[in-house]
Amino acid sequence: HSKDATFSQIEKEVLEQYSDFELMDVKKMILSTCEGISTAIKALCIVFNVCTMIVVWLILFLMTRTKLVQEKTRLGVDKALGFTTPQLMLRIVMKYLPIVVAGSIIGAGIAYVSFEGVVSACLSSFGIRSCEMARSMWYLLLAVVMNTGVALLTTLLMSVKIRKIE
């Protein structure tokens, strides 16, 4: 047999000589198994990102609400001094947004550096000793943008309550 023979060619030749043999395409099986693992890992990444966005939303919701209650008098004084509601809303947003952006970028950097080691450690219990995983900067960038968007939206929606302050 030549090196370039396909599975179907080899199967045909073997079955012509030995009709009771059952052959399996191991390469095809391995590829389908890897595809399943890849899909599971992608789903797990999506779940982690959604959980992260929920945590970001919850923390910012509580922090913004607490800050508005604590600074109600100060915000009222600022309004009396001539600050507009959008200016005060922008102040609240700018208080939290840099922290979220920095945290998201640092988290994405750590994920990029440690991803392969963590996945290898998780897969070692299944007998997979080493693996090369493709890391996409676009997905990490998307995670940073989505976390920033959730933070921006949360702080903007919570800071709308400034309108009620007199």
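All of the points below concern the structure found in this document. Predicted model only: the values in this text are computed from it and were never measured. (Residues numbered from 1 in each chain as written. Predicted model: local features only at pLDDT ≥ 70, side-chain atom pairs only at ≥ 80, totals over all residues. Heavy atoms only, no water.)

A pair of packed helices can be characterised by two numbers: the angle between their axes and the separation between those axes. Helix α5 (residues 137-159) packs onto helix α4 (residues 85-123) with a crossing angle of 160 degrees between their chain directions and a minimal axis gap of 9 Å. One element, α4, and the other, α5, form an angle in the roughly antiparallel class. The chirality of how α4 crosses α5 is right-handed. Each of M89, I92, V93, Y96, L97, V100, V101, S104, I105, A108, A111 and Y112 in α4 lies in contact with α5, whose residues at this interface are M137, L140, V144, N147, T148, A151, L152, T155, L156 and S159. Classifying every residue of the contact of α4 with α5 gives 17 nonpolar, five polar and no charged. (Axes fitted to C-alpha atoms, helices over the stretch in contact; angles between N-to-C directions. Helix = DSSP H or I, 4+ residues; strand = E, 2+ residues; numbered from the N terminus. Parallel < 35°, antiparallel > 145°, perpendicular 65-115°, else oblique. Left-handed = near helix turned anticlockwise from the far one by under 90°. Contact = heavy atoms within 4.5 Å. Nonpolar A, V, L, I, M, F, W, Y, C, P; charged D, E, K, R; others polar.)

What follows concerns the nonpolar core. In this structure, L60, L75, A151 and I162 are the most contacted members of the largest nonpolar core, which totals 14 residues. At the level of elements, α2 (26-70) and α4 are the ones that each hand at least two residues to this core. With seven residues, the single largest contributor to this core is α4. (Core = buried A, V, L, I, M, F, W, Y, C linked by side-chain atoms within 4.5 Å. Buried < 20%, exposed > 50% of the residue type's maximum accessible area, 1.4 Å probe, protein only.)

As a packed pair, α2 and α5 sit with axes 9 Å apart at the nearest point and diverge in direction by 30 degrees. When the axes of α2 and α5 are compared, the pair comes out roughly parallel. The crossing of α2 and α5 is right-handed. Counted together, N49, T52, M53, V56, W57, L60, F61, T64, R65 and L68 of α2 and A143, M146, N147, V150, A151, T154, T155, M158 and S159 of α5 form the full contact between these two elements. By residue class, the composition of the contact of α2 with α5 is eleven nonpolar, seven polar and one charged.

Under the counting rule described, the total for this entry stands at one aromatic pair. Aromatic side chains W57 and F61 sit 5.3 Å apart centroid to centroid with 25 degrees between the ring planes, which places their arrangement in the stacked category. Of the two residues, W57 and F61 both sit in helix α2, four residues apart, roughly one turn of that helix. Given the relative accessible area of 41%, W57 is considered partly exposed. When the ring centre of F83 is taken as origin, the NZ or CZ atom of R91, which lies over that ring, is 5.3 Å away. (Phe/Tyr/Trp six-rings, centres within 6.5 Å; stacked < 30°, edge-to-face > 60°. Lys NZ or Arg CZ within 6 Å of the ring centre and 35° of its normal.)

Treat this as a map of the structure, not an account of what it does.
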